[in-house]
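So you can see what is in the structure, the chains are spelled out below.
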Amino acid sequence: MNKLEYVIPVYNEEKCLPELMSRLENVRNKLTELDVHILFINDGSADRSREQLIEFTRRYDYVRVIDLSRNFGHQYALTAGLDFCDADYICIIDGDMQDPPELVSEMLAKLQKESLNIVYGKRRQRQGETLFKKVTANAYYRLLNRMCQLEIPRDTGDFRLIDRKVVDALREMKETHRFIRGMVPWLGFKSAPFLYDRDARFAGDTKYTLRKMLRLAFDGMFSFSRKPLRVASYVGVVVALGGFVGLAYMIFLKLFTDDVVPGITVILTAISILGGVQLLMLGVVGEYLGRVFEQTKQRPLYIIDNIYAGESDER
Ligand code: UDP
Ligand code: MG
């Protein structure tokens, strides 16, 4: 019998977990042709999530929990899950039930019927998300797709069903800055979207603070595109051209009219434009350099405190 495993990162989801577990139990009871397992990753929750998850492992022998040593962030929690899952099919899904876990049977049917390796959830509608989030997400993915060669599907998060081959390939990608929704399309393989309506979060607030969202956005941008570096050259050309035009104009004024542009204005304008552009570009170069620095340290991507499976701890 084929094994299917849900990989679910959890960060302070105590209000969602009991409902999530009962929904997953229902799915398991319906999907009898598969051996369904669940791998939770506790990403350093500060509420009762950890205790709830450990309790699940005592009650259900098909539940495992990786307990990370602190909050590493969604993408790292997912990475830990992908490193430890051992099923034939893996479903990556959030713990807040925005992506209905029941859809996995339809996704699997599509994957098998069309002999695909990846079926990714594409949002037809997004309930309960702020206009700000929708607008910024839309603009960001447009920009990202212009900047990198790779086509990263829009309206797609990390909710997807992937097979063993894809997981094995993902494990080979050791990059420190992880943007999994870009890494999976980078791998290639046969993939297709699965349209679904994204529900509102079941309970609690989003765990993606503006800061975490920006970090993810920058990781996507700087990990998948080198174009920001090239912006320096473009801006340099434009500024230099502007300078030449200005210079020609001033010479013209001096030679053929009685007007003269005051020197101090010209100098101050030139200094501030060039200074601003140079600082900005230094920041961009620094961004890449900082990422090289992080990568060369070769630190582990996450630290595990404990693994819980069935009655006894594995470690
Ligand atoms: N999450 C996590 N670590 C974090 C932030 C989020 O493991 O630092 C988990 C969270 O518990 C949820 C999933 O990642 O299962 C997606 O987070 P959330 O639903 O808050 O993001 P949104 O849907 O609002 O983008
Ligand atoms: Mg959510």
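Thresholds applied
- Residues numbered from 1 in each chain as written.
- Chains lettered and ligands numbered in written order.
- Predicted model: local features only at pLDDT ≥ 70, side-chain atom pairs only at ≥ 80, totals over all residues.
- Heavy atoms only, no water.
- Buried < 20%, exposed > 50% of the residue type's maximum accessible area, 1.4 Å probe, protein only.
- Helix = DSSP H or I, 4+ residues; strand = E, 2+ residues; numbered from the N terminus.
- Pairing = 2+ DSSP bridges.
- Right-handed = clockwise from strand over helix to strand, strands pointing away.
- Phe/Tyr/Trp six-rings, centres within 6.5 Å; stacked < 30°, edge-to-face > 60°.
- Lys NZ or Arg CZ within 6 Å of the ring centre and 35° of its normal.

A. Main features of helix α7 (residues 180–187). Within α7, six of the eight residues are buried, leaving the element largely enclosed by the surrounding structure. Turning to α7, its buried residues are I180, R181, G182, M183, V184 and L187.

B. Region of interest: the pairing of strand β4 (residues 89–92). Here β4 shows a buried face lined by Y89 and C91 and a second buried face lined by I90 and I92. In the sheet, strand β1 (residues 3–10) pairs with β4 via four bridges, with the strands oriented parallel. The partner of E5 across the bridge, within β4, is I90. Sheet analysis places β4 next to strand β6 (residues 156–163), joined by four bridges and oriented antiparallel. Looking at β6, one finds that C91 is bridged to L161.

C. A look at the pairing of strand β2 (residues 35–42). Of all eight residues making up β2, seven are buried, and the element is well covered by its neighbours. Where β1 lies against β2, eight bridges are found, and the strand directions are parallel. Bridge pairing links E5 to H37 in β2. Crossover connection from β1 via helix α1 (residues 17–30) to parallel β2: handedness right-handed. In this sheet, strand β3 (residues 63–68) lies alongside β2 in parallel orientation, the contact comprising five bridges.

D. Geometry of the packing of aromatic side chains. For the coordinates displayed, the defined rule picks out nine aromatic pairs. Residues F40 and F56 carry aromatic rings whose centres are separated by 6.0 Å and whose planes lie at 40° to one another, so their mutual orientation is tilted. Of this pair, F40 sits in strand β2 while F56 sits in helix α2 (residues 49–59); the two residues are 16 residues apart in sequence, bridging distant segments of the chain. Here the aromatic cluster, defined as three or more aromatic residues joined through ring pairs, consists of F40, F56, Y60 and Y62. The ring of F72 carries R70 above its face, with NZ or CZ at 3.9 Å from the centroid.

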